[in-house]
Amino acid sequence: MRREPDPADGRFTNAILTDEGFQTLAAAAPGHVAHVRSLVIDVLSPEQLRRLGLAADRIMSHIDTSEIN
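So, here is what we can say about the structure in this document. None of the values given here were measured: they were computed from a predicted structure.

Observations regarding the overall build of the chain
Thinking step 1. From N to C terminus, the chain includes two helices and two strands.
Thinking step 2. If you list the helices and strands of the chain from N to C, you get β-β-α-α.
Thinking step 3. In terms of overall size, the chain is more extended than a compact globule, its C-alpha atoms giving a radius of gyration of 18 Å where 69 residues would be expected to give roughly 11 Å.
Thinking step 4. Projecting the C-alpha coordinates of the chain onto the three principal axes gives extents of approximately 50 × 30 × 15 Å.

Quick word on a nonpolar patch on the surface
Thinking step 1. A contiguous nonpolar patch, built from Val-36, Leu-39, Val-40, Leu-49 and Leu-52 and spanning about 370 Å² of accessible area, is present on the exposed surface.
Thinking step 2. Taken together, the elements giving at least two residues each to the nonpolar patch come down to helix H1 (19–41) and helix H2 (46–61).
Thinking step 3. When residues of the nonpolar patch are assigned to their parent elements, the largest contribution, three residues, is made by H1.
Thinking step 4. Relative to the helices and strands, Val-40 is located in helix H1.

Calculation rules
Residues numbered from 1 in each chain as written. Predicted model: local features only at pLDDT ≥ 70, side-chain atom pairs only at ≥ 80, totals over all residues. Heavy atoms only, no water. Helix = DSSP H or I, 4+ residues; strand = E, 2+ residues; numbered from the N terminus. Rg over C-alpha atoms; globule rule 2.2 N^0.38 Å. Patch = residues over 30% accessible without salt bridge, like charges linked within 9 Å, V, L, I, M, F, W, Y side chains within 5 Å. Areas by Shrake-Rupley, 256 points an atom, 1.4 Å probe, with all protein chains shown as cover. Salt bridge = Lys/Arg side-chain N within 4 Å of Asp/Glu carboxyl O.

Shape is all these values report; function is a separate question.
Below is the structure:
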């Protein structure tokens, strides 16, 4: 990762993921996903997963993503 001044507002710094950083992230992803699944998904019943999905849908419907790239 490298840091660069925000060209739109010099008070801020942008963190830029380098190619090497992306490779590191990609290598860590499968283990991370497996661990999260074991902690969250695998301990819930099908009905609990259904309700979690409904709650996530409701939350997402209230998040304004118009400012994201």
